[in-house]
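# Survey of secondary and tertiary structure
Residues per chain are reported as follows:
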Amino acid sequence: MHDAVTEHVDAPAVRVWELVADVTQTHRYSEETFEAEWLDGATGPAVGARFRGHVKRNGRGPTYWTVCRVTACDPGREFGFEVLAGGRVVNTWHYAFRPADHGTDVTESFRLPASPATRVYWALFGWARGRTNRANMRTTLRRVKQVVEEG
């Protein structure tokens, strides 16, 4: 109920982190989230800050808003958030940034919480959602790479 994808970016870790941690720019590289905004007066990333993302599931729908809370915020090292549904964590996304070969290896990962409902979901649909998540993470990181390296 978890997976990760890594992409090398020819840029310093802090520069890549700044793009990923600015959720208002998510539309530039995400396959599913086409809009995001900070909530509760937050203006940028910080542990505990909340934001909401406008998601078009699988790029086709349904379309809905998700509320998220930042769980990791260390410039140039990591950025993470949990997706909430009714105050319950339903998914966790994390980005790790590691200097490598005059650039940065960026790893995007997700983890579903262990619960009976999640186990059933993953047993029935996990093969499809896992494949979609891996493909979307690859696309996201390639787009981040393109934006950072061309910008």
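One structure accompanies this document, and this report is about it. Computed from a predicted model, the values in this text were never measured in an experiment. (Residues numbered from 1 in each chain as written. Predicted model: local features only at pLDDT ≥ 70, side-chain atom pairs only at ≥ 80, totals over all residues. Heavy atoms only, no water.)

### Notes on the overall build of the protein chain
As a reminder, the rule being used: Under the DSSP-based scheme used, a helix requires at least four consecutive residues in state H or I and a strand at least two consecutive residues in state E, with every element numbered from the N terminus. Only C-alpha atoms enter the radius of gyration; for comparison, a globular chain is expected to reach 2.2 Å times N to the power 0.38, where N is the number of residues. Per-residue accessibility, obtained with a 1.4 Å probe over protein chains only, is compared with the maximum for each type, and a residue is labelled buried under 20%, exposed over 50%, and partly exposed between these values. Contact criterion: two residues are considered in contact whenever any of their non-hydrogen atoms come within 4.5 Å of each other. The method behind every accessible area is Shrake-Rupley, applied with a 1.4 Å probe, and residues are considered shielded solely by the protein chains displayed.
From N to C terminus, the protein chain includes two helices and seven strands. Put simply, the protein chain runs from its N terminus to its C terminus through helices and strands in the order β-α-β-β-β-β-β-β-α. By the compact-globule yardstick of 15 Å for 151 residues, the protein chain fits well, its C-alpha radius of gyration being 15 Å. The C-alpha extent of the protein chain, read off along each of the three principal axes, is 45 × 35 × 25 Å. Split into buried and exposed, the 151 residues of the protein chain put 42% on the buried side. Long-range contacts, defined as pairs at least 24 residues apart, comprise 47% of the intrachain contacts of the protein chain with a sequence gap of at least 6. Only carbon and sulfur atoms are counted for the fraction: they give 50% of the accessible area of the protein chain, which is about 8,100 Å².

### Notes on the nonpolar core
Rules: Grouping buried Ala, Val, Leu, Ile, Met, Phe, Trp, Tyr and Cys residues that are joined through side-chain atoms within 4.5 Å yields what is termed a nonpolar core.
One finds V16, F79, F81, Y95 and F97 to be the most contacted residues of the largest nonpolar core, which totals 30 residues. For this core, the elements supplying multiple residues, two or more each, are β1 (2-9), α1 (13-21), β2 (33-38), β4 (63-74), β5 (78-85), β6 (88-100), β7 (103-111) and α2 (116-150). Counting residues per element, this core draws most heavily on α1, at six residues. With residues up to four places along the chain from it excluded, the contact list for F79 reads W17, V20, A21, V23, P45, V70, A72, W93, H94, Y95 and F97.

### Let's talk about the sheet that holds β4
What holds strands together in a sheet is hydrogen bonding between their backbones, with the strands either parallel or antiparallel. As a reminder, the rule being used: Strand pairing is assigned whenever DSSP detects at least two bridges linking the two strands. The axes are straight lines fitted to the C-alpha atoms, using for helices just the contacting stretch, and the angles between their N-to-C directions are given from 0 to 180°.
Spatially, β1-β7-β6-β5-β4-β3-β2 is the arrangement adopted by the seven strands of the open sheet, whose pairing is antiparallel. Two strands bound the open sheet, and with one partner strand each, they are β1 and β2. Taken over all neighbouring pairs, the strand axes of this sheet differ in orientation by 25° on average, direction set aside. Looking at chain direction, β2 and strand β3 (residues 50-56) are connected through five bridges and run antiparallel. Among the inter-strand pairings, E37 is bridged to a residue of β3, identified as R52.

### Looking at unusual backbone geometry
For residues other than glycine, phi is negative in most cases, and the peptide bonds are mostly trans. Look at D40: it is not a glycine, yet its phi comes out positive at around 60°. Residue D40 is classed as exposed on the basis of its relative accessible area of 60%. A positive phi is found at D101, a non-glycine position, where the angle reads about 45°.

### Things to note about the pattern of salt bridges
Using the following cut-off: A side-chain nitrogen of Lys or Arg and a carboxyl oxygen of Asp or Glu constitute a salt bridge if their distance falls within 4 Å.
Within this structure, the stated rule accounts for six salt bridges. Residues R143 and E31 are paired through a salt bridge, measuring 3.1 Å at the closest nitrogen-oxygen approach. Of this pair, R143 sits in helix α2 while E31 sits in the loop between α1 and β2, and the two are 112 residues apart along the sequence. R143 gets classed as partly exposed once you look at its relative accessible area, which sits at 31%. We classify E31 as partly exposed; its relative accessible area is 34%. Residues R50 and D40 are paired through a salt bridge, measuring 2.6 Å at the closest nitrogen-oxygen approach.

### Focus: the packing of aromatic side chains
To keep things clear, this is the line we draw: Pairing of aromatic side chains requires ring centres within 6.5 Å, counting the rings of Phe and Tyr and the six-membered ring of Trp. Pairs whose planes differ by under 30 degrees are stacked, by over 60 edge-to-face, and all others tilted.
In this structure the tally under the stated criterion is four aromatic pairs. Ring centres 5.5 Å apart and planes at 75° place the aromatic pair W38 and F51 in the edge-to-face group. In this pair, W38 is assigned in strand β2 and F51 in strand β3, connecting sequence segments 13 residues apart. In this structure, W38 and F51 share a single accessibility class: buried. A residue is classified by how much of its surface remains accessible, and F51, at 4% relative accessible area, is buried.

### Looking at a nonpolar patch on the surface
Going by this rule: A residue counts toward a patch only above 30% relative accessible area and without a salt bridge, and it is joined to like-charged neighbours within 9 Å or, for Val, Leu, Ile, Met, Phe, Trp and Tyr, to nonpolar neighbours within 5 Å.
On the surface, a nonpolar cluster with roughly 310 Å² of combined accessible area is contributed by V120, L124 and F125. Along the chain, L124 turns up in helix α2. Note on L124: relative accessible area 53%, which makes it exposed.

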